[in-house]
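If you want the building blocks of each chain, they are given just below.
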Amino acid sequence: MIPLIDVKGITKIYNGGEIATKALSDVSFEIEKGEFVAIVGPSGSGKSTLMHILGCLDIPTSGTYIINGRNVENMNDDELANIRNKEIGFVFQAYNLLSRTTSIKNVCLPMIYAGIPKTERYERAKKLLISVGLGNKLFNSPNQLSGGEKQRVAIARSMATEPSIILADEPTGNLASKQSMEIMDIFDELNIKGNTIILITHEENIAKRAKRIISIMDGKIVNDTGRLN
Amino acid sequence: MKLLEILEESILVLKTNRMRTVLSVLGIIIGIGSVISLITLGEASQQSVKERIQSLGSNLITISPGGTQSGFLRGGPDDAKTLKYNDALEIEKSDRLTTVDKVAASYSSRAQISFQENNMNTNVIGITENYFSLRNIEIEYGVGITQKDIGTSSKVVVIGNGVIEELFTGKVNPIGQGIRIDGNSFKIIGITKSKGSEMVSSDNSVFIPLTTAQKVLYGIDHVTSILVSAKNEELIDPAMNQLGYLLLELHGIKNPEDADFSITSQEDLLETVSEITGTFTTLLTGIAAISLVVGGIGIMNIMLVTVTERTREIGIRKALGAKRKTITKQFLVESIVLTLTGGVLGLLLGIGVSLIITKTMGLPSVISITSISLAVGVSCLIGIIFGWYPAHRASKLQPIEALRYE
Ligand SMILES: Nc1ncnc2c1ncn2[C@@H]1O[C@H](COP(=O)(O)OP(=O)(O)OP(=O)(O)O)[C@@H](O)[C@H]1O
Ligand SMILES: [Mg+2]
């Protein structure tokens with residue numbers, strides 16, 4: 001069986017300004033469909049960089065990334081947009097919500113691009129926001145929400161088009177431990193349903209709830225537990 | 001993403017930046033506004049000129065002395081003496097002229113006229129009976145010049161409305177009074193109705209029998225014009241032809257190119273004037289159109305600013321699956337909504353301005369469908385042309401780079 005995610009020798013070099021930063025160097029791993037993976041590592045180790053590449057938001061400087069048997073390198077803009085829209089739900093470390101737009105509309109956004117009709121969109125967005133405990137903040141815009149609330153809107157949004165892969169960059173970073181556990185319950189549930197979950201975290205008790213932990217340091221994989229049972 | 005949804009969203013965005021929206025479309029507002037008012041004014045003045053010319057008499061054909069090419073040797077039409085009263089009589093008598101309705105001859109000159117101590121210099125026109133009806137001049141008081149007056153060369157005069165104001169100052173009833181024209185005493189028998197501000201006004205003229213002007217005042221036998229009316233509009237051209245051949249024959253001229261008279265219709269005059277006003281309007285509208293280009297550049301500028309400002313938003317949209325086409329559409333629609341707003345406001349401004357101007361100038365105001373569709377069409381087009389580049393730029397942004405933008 002071909003792996004869902006197949007990363008081979010990925011290197012990412014940022015050429016920002018005068019100094020070039022090697023954020024990832026020769027990273028390789030495979031993730032099967034239905035896995036629940038936590039990526040851990042110190043700040044600046046390249047976790048977000050890796051996540052952006054996995055999310056088809058950025059391209060590696062070298063190496064290949066094959067998602068679902070298709071090489072990302074050979075896909076055009078529209079195909080990539082389609083993958084981002086339908087296959088992957090992304091939770092950004094910086095939330096990336098549309099400011100001046102209500103929570104419910106933010107959650108609706110990916111569904112607009114997926115061509116889901118308006119009434120269904122609102123119905124689903126409402127359900128998702130209720131499931132992350134924001135039933136009373138449907139019509140607040142991000143600047144009226146706390147960091148944790150914004151994070152939960154971002155999580156709700158990532159699930160909007162029912163993607164098979166959820167990529168979450170520090171999804172519990174701003175949450176109290178009780179809320180964190182609730183979010184992890186949601187991810188667990190999705191994983192049981194067959195979704196693939198990849199999340200970045202620096203909290204040990206969050207990482208423990210995953211079934212595989214990949215540790216990164218200085219852009220290199222230093223440890224991979226493999227699939228735990 | 002459906003177009004309607006994009007439209008909704010664009011309107012929302014523009015509404016939240018209301019002040020900026022209005023300011024950025026100011027160029028379009030002014031551009032469309034001036035184009036619309038100029039077109040409306042052009043159409044109004046053309047219409048008014050047409051009405052004035054038609055008020056001179058409908059289906060009217062004018063025969064003037066002198067050839068069409070008023071060369072050096074031939075002499076200008078002013079001093080050509082080739083048309084006689086007899087020509088008019090022949091036209092009237094001829095049973096070959098099936099297309100002709102009425103005929104009149106006139107001799108016009110300027111002369112000093114006086115009543116008691118008041119005097120003025122004005123047009124004195126010797127006319128035949130049909131002159132008034134051909135020129136659409138009505139008699140308000142008294143009577144007109146009759147065939148009998150012409151037959152007897154009587155010294156009677158019909159005066160224009162404007163002359164009364166100058167000579168009589170409203171104190172006495174002019175009818176029956178005597179006035180002097182170049183020293184000869186004439187009895188006033190009628191007053192014409194005012195024709196207002198029309199182009200060739202008869203208000204300041206006085207009318208006497210043609211024969212009186214020829215024999216008593218000036219001792220000449222030619223006329224300065226013969227007026228003929230065609231039986232109806234379609235017969236104007238045939239009538240001009242028939243008149244031409246008859247006069248050539250009467251004057252013993254073989255080659256039409258040697259004609260010692262010229263025939264013009266009201267239609268010819270109308271065409272010439274329309275052409276002139278048309279050219280003028282086109283020119284002015286062209287100048288106004290330049291301001292539309294300037295307005296369009298303003299739109300491009302504001303759209304580029306918008307794209308830069310909303311780089312992060314574009315990044316988010318692309319990260320969530322927006323295709324390039326969708327982003328292009330979004331910004332293009334926004335730009336079109338922007339210019340269309342300007343177009344509609346400009347249209348209102350243009351209509352307002354042209355209503356005010358036509359009112360004060362006493363012109364008929366015509367707001368045409370053409371100008372409305374022009375405003376809408378042109379402003380959409382400007383939106384597309386000047387919005388395309390910023391929209392294209394937005395669509396080309398890479399999602400992760402756009403997301404990093406602060
Ligand atoms: N756009 C960029 N231009 C230049 N260098 C960058 C850029 N983005 C990240 N880097 C560098 O790449 C390295 C990896 O960054 P990355 O954001 O992947 O770290 P991280 O593991 O997500 O850290 P954190 O836990 O703090 O989020 C860092 O040294 C960072 O400075
Ligand atoms: Mg990070």
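Given the structure is predicted, the values throughout are model-derived calculations rather than measurements.

### What about the sheet that holds strand β10 (residues 220–224) of chain A?
All names here are of chain A.
Then step 1. Spatial strand order, β6-β7-β8-β3-β9-β10: six strands in an open sheet with mixed pairing. Each end of this open sheet is capped by a strand with a single partner; those strands are β6 (88–91) and β10. The average undirected angle you get between the axes of adjacent strands in this sheet is 20 degrees.
Then step 2. Here strand β3 (residues 36–40) runs beside strand β9 (residues 212–217); their pairing, made up of four bridges, is parallel. For Val37, the partnering residue across the bridge sits in β9 and is Arg212.
Then step 3. Against the sheet, helix α1 (residues 47–54) makes contact with β3, β6, β7 (165–169), β8 (196–200) and β9, and its axis sits at roughly 150 degrees relative to β8, the strand it touches most.

### Focus: the domain arrangement of chain B
Then step 1. The domain boundaries assigned to chain B delineate domain 1 (3–52 + 271–404) and domain 2 (103–222).
Then step 2. Taking the mean C-alpha position of each, domain 1 of chain B and domain 2 of chain B sit 58 Å from one another.

### Examining the site of ligand 1
Then step 1. Ligand 1 sits among 13 residues. The nearest are Ser43, Gly44, Lys47, Ser48 and Thr49 of chain A.
Then step 2. At ligand 1, the nearby residues belong to more than one chain, namely chains A and B.
Then step 3. Interatomic distance of 2.7 Å between a side-chain N/O atom of Lys47 of chain A and an oxygen atom of ligand 1.
Then step 4. Measuring from a nitrogen atom of ligand 1, one finds a side-chain N or O atom of Arg404 of chain B at 3.1 Å.
Then step 5. Coverage of ligand 1 by the protein chains reaches 67% of its 630 Å² of free accessible surface.
Then step 6. Among the secondary structure elements, those contributing two or more residues to the shell around ligand 1 are β2 (21–31) and α1 of chain A.
Then step 7. Here the shell around ligand 1 gets three residues from one element, more than from any other, and that element is α1 of chain A.
Then step 8. A per-class count over the shell around ligand 1 returns three nonpolar, eight polar and two charged.

### Notes on the confidence of the model for chain B
All names here are of chain B.
Then step 1. Model confidence for chain B is summarised by a mean pLDDT of 86, while 94% of its residues fall at 70 or above.
Then step 2. Here helix α7 (residues 161–167) stands out as the element of chain B with the lowest mean pLDDT, 82, in contrast to helix α11 (residues 311–319), whose mean of 94 is the highest.
Then step 3. Confidence over residues 70–77 falls short of pLDDT 50; this stretch has eight contacts with residues more than four positions distant or in other chains.
Then step 4. Among the scores for the predicted complex, ipTM is 0.94 and pTM is 0.72.

### Topic: helix α6 (residues 177–192) of chain A
All names here are of chain A.
Then step 1. Taking 1.5 Å per residue as the helical rise, α6 with its 16 residues ought to reach 22 Å, and the 22 Å between its terminal C-alpha atoms agrees with that figure.
Then step 2. Considered for burial, the residues of α6 that qualify are Ser180, Ile183, Met184, Ile186, Phe187, Leu190 and Asn191. All buried residues of α6 fall inside an arc of 150 degrees around its axis, so they share one side. Summarising the geometry of α6, the exposed residues directed more than 90 degrees from the buried face are Lys178 and Ile192.
Then step 3. If you follow the buried residues of α6, they end up packed against β3, α4 (118–131), α5 (147–158), β7, β8 and α7 (204–207).
Then step 4. Backbone geometry just downstream of α6 places Gly194 in the positive-phi region, at approximately 110 degrees.

Definitions and cut-offs
- Residues numbered from 1 in each chain as written.
- Chains lettered and ligands numbered in written order.
- Predicted model: local features only at pLDDT ≥ 70, side-chain atom pairs only at ≥ 80, totals over all residues.
- Heavy atoms only, no water.
- Pairing = 2+ DSSP bridges.
- Helix = DSSP H or I, 4+ residues; strand = E, 2+ residues; numbered from the N terminus.
- Axes fitted to C-alpha atoms, helices over the stretch in contact; angles between N-to-C directions.
- Contact = heavy atoms within 4.5 Å.
- Domains from an automatic or database assignment.
- Near = heavy atom within 4 Å.
- Polar contact = N/O pair within 3.5 Å; in protein donor to acceptor, adjacent residues only side chain to side chain.
- Areas by Shrake-Rupley, 256 points an atom, 1.4 Å probe, with all protein chains shown as cover.
- Nonpolar A, V, L, I, M, F, W, Y, C, P; charged D, E, K, R; others polar.
- pLDDT = per-residue confidence, 0-100.
- Expected span 1.5 Å × (residues − 1).
- Buried < 20%, exposed > 50% of the residue type's maximum accessible area, 1.4 Å probe, protein only.
- Arc of directions from axis to C-beta.

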